[in-house]
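Structural description and commentary
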Amino acid sequence: MMGLMSLLASATDKQSTVDWAVGAPLMIVCVIVGAAILRWIVVRAIDRAVHAMENRERPSRAGLAGRVLRQATGLDSERRKQRAATMGSILRSVSTIVIFGIAGLTVLAKVGVPLAPLLASAGVGGVALGFGAQSLVKDFLSGIFMIVEDQYGVGDVVDTGQVVGTVEEVTLRVTRLRDAQGVVWYVRNGEILRVGNKSQGYATIFIDIPIGSDQSVETALQVLRSVAAEIDDESPWKEKLLEEPTVAGVESMTGGAVTLRVVATCVPNEQYAVAREIREQAKLALDRAGVRAPQLPPFTGPATT
């Protein structure tokens, strides 16, 4: 009788061992394969969404105003592709971490590892890591919001409060800028408290042109209006200007000079070239019309005793 019971117990132990050997490893394999398949599906969906964003149709408005509108709203081709690629990279990384993290916890539970102490330890370690690396977390969160909100992109001229320059690269942690002297600046995203983007929408420039106080203001204003109309009809400036420059009139009168102001609205990053062209054409036209610039007082030299 005792032998029979021993045989039954042995058979039961063997059956339990077989059940565990068949059940747990098979479940682990199924979890890993399921996680891989789920990640593949999610990544495919993200790639299709990114491709749709990159090839999204532009607004029906044509011409220069339409191009400026696309640039202002982040729909410009290169800007849109860069933003979509960056968002796709972030989503793929996040989805991979979440899916395989859950799969890893499920596998640990199947092999009998108690998850409660592990999760408690991970929570304490996460809090300690958060306090120790809060500046890094701040940089990453700021970088994500900058990309999602499309505050600036590669090629934009921005003022971060610390440096003014052209954006060369935007990552989750730092933004790389190059200033007018060619110096490359690496600015941490978490340290950027404000951003002035000079490349979104349009740029407005004010050109002040001084003439002598004894010159005819009416003649000078007529000359400047003619210059503004000619530049607005001349290529390539008509492609850079959004509207004909406006001659605002007399801006100030100081000493022997009267300052006339011209206001122009143009495509972003073209304001400097447009301003130089308007000054050059205005100088030539005023010289032809006989309108002189303010005369400097004669230099008498140092006083001698």
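As shown above, the structure is provided for reference.
Just so we're clear, the structure is a prediction, and the values are computed from it rather than from any experiment. In this convention, every chain numbers its residues from 1, walking through the sequence in written order. Totals for whole chains, interfaces and linings use all residues, but because this is a predicted model, local features are given only for residues with pLDDT of at least 70 and pairs of side-chain atoms are given and counted only at 80 or more. Hydrogens and water are ignored here; the side-chain numbers use all heavy atoms of the structure.

Time to look at the pairing of strand β2 (residues 164–170). Inspection of the sheet shows strand β1 (residues 157–159) paired to β2 by 3 bridges, in the antiparallel sense. Counted as the bridge partner of D159 is V164 from β2. Where β1 folds back on β2, the antiparallel hairpin that results is connected by 4 residues, among which G161 adopts a positive phi of roughly 90 degrees. Strand direction decides the pairing type here: β2 and strand β3 (residues 174–178), joined by 4 bridges, are antiparallel. Directly across from V167, in β3, lies its bridge partner L177. For two strands to be treated as a pair, DSSP must find at least two bridges joining them. Where helices and strands are cited, they refer to DSSP runs of H or I of at least four residues and of E of at least two residues respectively, numbered from the N terminus. Taken together, β2 and the strand that follows it, β3, pair antiparallel across an intervening segment of 3 residues.

To obtain each axis, a line is fitted to C-alpha atoms, and for helices this fit is confined to the stretch in contact; angles are then taken between N-to-C directions over 0 to 180 degrees. Remark: helix α6 (residues 217–233) packs on helix α8 (residues 271–288), axes separated minimally by 9 Å, with the N-to-C direction vectors making an angle of 135 degrees. Looking at the two axes, α6 sits oblique to α8. Classified by chirality, the crossing of α8 by α6 is right-handed. Seen from α6, the contacting residues are A220, V223, L224, V227 and I231; seen from α8, they are E277, I278, Q281, A282, A285 and L286. Asp, Glu, Lys and Arg are counted as charged, while Ala, Val, Leu, Ile, Met, Phe, Trp, Tyr, Cys and Pro are counted as nonpolar; the rest, among them Gly, fall into the polar class. Classifying every residue of the contact of α6 with α8 gives 9 nonpolar, 1 polar and 1 charged. For classification purposes, an angle smaller than 35 degrees is called roughly parallel, one larger than 145 roughly antiparallel, one from 65 to 115 roughly perpendicular, and anything else oblique. Each crossing gets its handedness from the near helix: less than a right angle anticlockwise from the far helix is left-handed, clockwise is right-handed. For this analysis, residues touch if any pair of their heavy atoms sits within 4.5 Å.

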